[in-house]
Amino acid sequence: MAVSNKAIQIRREIQERIAQLIFNETLLDEIDKIPMKMRPRGSESFRCCIYRDRALIKYKIMAMLGFECTSEADELSPLSDFVLQSFVKAASDREIMRVVEEVCHGCQQNNYVVTNMCRGCLGRPCEVNCPKEAINFVGARAMIDHQKCVSCGICEGVCPYHAIIYAPVPCEESCPVGAITKSETGKEIIDFDKCTYCGKCVIACPFGAIVEESHLFDLIFSIKRKKKVVALLAPSVAAQFKCSLPQMKKALLQIGFHEVIYVAEGADLTAQQEAQEFVEKGGNLLTTSCCPSFVNMIEKHVPTLKGHVSHTPSPMVFAARLSKQRYPNARTVFVGPCIAKKAESFSVSEIDMVINFEELDAMLLACKIDPGVLEVEAAKIEASAEAWGFAQTGGVLEAVKKQIGEGIELKPLVINGIDKKSIKLLGTLSKGNQYNFVEGMSCEGGCVGGCYMNIKPQVAQTRINKVKEQINTEKEL
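Thresholds applied
- Residues numbered from 1 in each chain as written.
- Predicted model: local features only at pLDDT ≥ 70, side-chain atom pairs only at ≥ 80, totals over all residues.
- Heavy atoms only, no water.
- pLDDT = per-residue confidence, 0-100.
- Helix = DSSP H or I, 4+ residues; strand = E, 2+ residues; numbered from the N terminus.
- Contact = heavy atoms within 4.5 Å.
- Buried < 20%, exposed > 50% of the residue type's maximum accessible area, 1.4 Å probe, protein only.
- Axes fitted to C-alpha atoms, helices over the stretch in contact; angles between N-to-C directions.
- Left-handed = near helix turned anticlockwise from the far one by under 90°.
- Nonpolar A, V, L, I, M, F, W, Y, C, P; charged D, E, K, R; others polar.

Engineer: What should I look at first to understand the confidence of the model for the protein chain in this one?
Structural biologist: Caution is warranted with low-pLDDT regions, since their predicted coordinates should not be read in detail. Taken as a whole, the protein chain shows an average pLDDT of 91; of its residues, 95% reach a score of 70 or greater. When pLDDT is averaged over each element of the protein chain, strand β9 (residues 229-233) comes out on top at 98 and helix α5 (residues 79-86) at the bottom at 80. The model gives residues 88-93 a pLDDT under 50, and that stretch makes three contacts with residues more than four places away or in other chains.

Right under this line is the structure:
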C-alpha cells in the first residue's frame, strides 16, 4: 500500500532512526533522544503540544520493543531501560501487535452524523423515512438520536443535500472479523481469539495507534555481532522495490546478511506437495495453506472448513528448511509485506525472525544503500515463473494446477481478500460440491496488496509479471 498519511511516515522515520543507531552502535546512548529529534523545540505539533507528541513517539517505540505503556512504572523511565529489558523478555509472552492506548484517539462511535450542510428543508425525507423515528429537528437542523439509531443508512440515501454522512471508526471498519472494539474506557482493544493478523487495522488507523512488535532490534544486533543471518525474501519483493533481484541480493549482502534465499524456491515445493495432497484426497475439497491470515480466519471463524485446510507447509517454511540445510549454523529471517507471517513463525522452529518491507527499507536507508544503483552481473532467477506468481491472487492456483496436470478435474474458487461476504461464502462450502479447490488470500490482490507494500497494486502486478516473463524467456533460450 502506498504511503497515504503522516502516521505511516512517522512510523517509518522511527524505524529508520532506530536502525541507524543500532548500526552505529549508539542505540543505548541515543534512543532517548529520538522523540526530541523528531519533535524539536519550535516545531509543528500534531496534538496539543510537542511534549505530547514526544510522549506518543516514546510509547510507539516501547510497543515496538514489546512493552505495554502500563508496564511503565515510572513515566520518567528512559527508553534505554526498555531496550535492556527487551533482551531478557521471552518472545512467547508477547502479542505481535497492540493498541497503544495513549495514542488511540478513541474515535466517536456515531456512525451517521448530520453535518452543517443540513438546510432544514420542508420535505424532511430523513425524518419521514427513518424506520426508528431517530431523527428530530431542533430549530432548522436535523438531529440524530443515537440511542434509537440502528445505522441503517436510509437517511443518508434520501437527503437531497448529502448533509448526512457515515462516520466510521477506521480500525473497526477495516477489520473483517470484528476483532477490534472499544473497551470501557472508549479506547480500542484487540480480541486475539478473533484476530487473524491481516494487518488491515494497522494501516487503517489514522493515528498510528496500532503498533507491531519489531524484530528489527534483534536482527541488526545479530548482524553487528557477526552472526550468520540468512534473509528469506518473499516473492512480493520483486514488486516492492524498484531494482532487480540481483541488485536486492547484493544490497542485503552489503548490509551484512550471510546469504539470501528467495522464498519462491519454497513456493515450488509448496505447489508440488499441495498438488500431490489434492490428488491423494481424490479431488475432494482442499484449501490452500500459504496465507497464514487466511488459515487463521478458517480456524477461528469458519470451523466447518478446518478439516479441509491443506497440511502442506507454506513457502516460507520450505525456504527456511532449505536455509537450515545449506547453512546449518545460520539464523533465518523472513522478509515480506505481512504481519501474519510473524504469527506463523511462532509455531515454526526453522524461522528465527520476521521483518516487513518497511523495516528492510529502514535498514537500507540507515546504511545509505540504494539497491537500484548497484552494479551486478546478470544472473539467472531461481525458481519457476509460477512460484513467483504466488505473490498475486490466482498465483497459487496457477502453480498447483500445472502440477496436477489433466488427471483430476479442478473446480476452483479464488478468495481475493477477506471480507464479511467471502467469510459467509466460505461457510457454505462444506455443504456443497460446487468447488473442490480454494485459493485463499487475506489481502486483496494477494501478497502484493499486503499491509506493508508501499506501491500501487497495478505497479506491483506489472513488476511480478515482468519477472515471470523473464524466467519464461530464459527457459526458452
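Engineer: Can you walk me through the environment of K431 in this structure?
Structural biologist: Inspection of the secondary structure assignment puts K431 in the loop between α20 (420-426) and β15 (437-441). On the accessibility criterion, K431 (73% relative accessible area) is exposed. Sequence spacing of K431 and D370 is 61 residues, and the spatial spacing of their C-alpha atoms is 53 Å.

Engineer: I'm lost on the environment of A267 in this one. Help?
Structural biologist: With respect to the element layout, A267 can be found in helix α13 (residues 264-280). As a C-alpha pair, A267 and S293 span 26 residues in sequence and 17 Å in three-dimensional space. The residues contacting A267, other than those within four sequence positions of it, are P315, A387 and F390.

Engineer: Honestly, the packing of α13 against helix α19 (residues 395-404) in this entry has me stumped. Any pointers?
Structural biologist: Relative placement of two packed helices is described by the angle separating their axes and the distance separating the axes. At a minimum axis distance of 8 Å, the contact between α13 and α19 shows a crossing angle of 65°. Handedness of the α13/α19 crossing: right-handed. Across from A271, Q272, E274, A275 and F278 in α13, the residues of α19 making contact are V396, A399, V400, Q403 and I404. Looking at the contact of α13 with α19, its residues break down into seven nonpolar, two polar and one charged.

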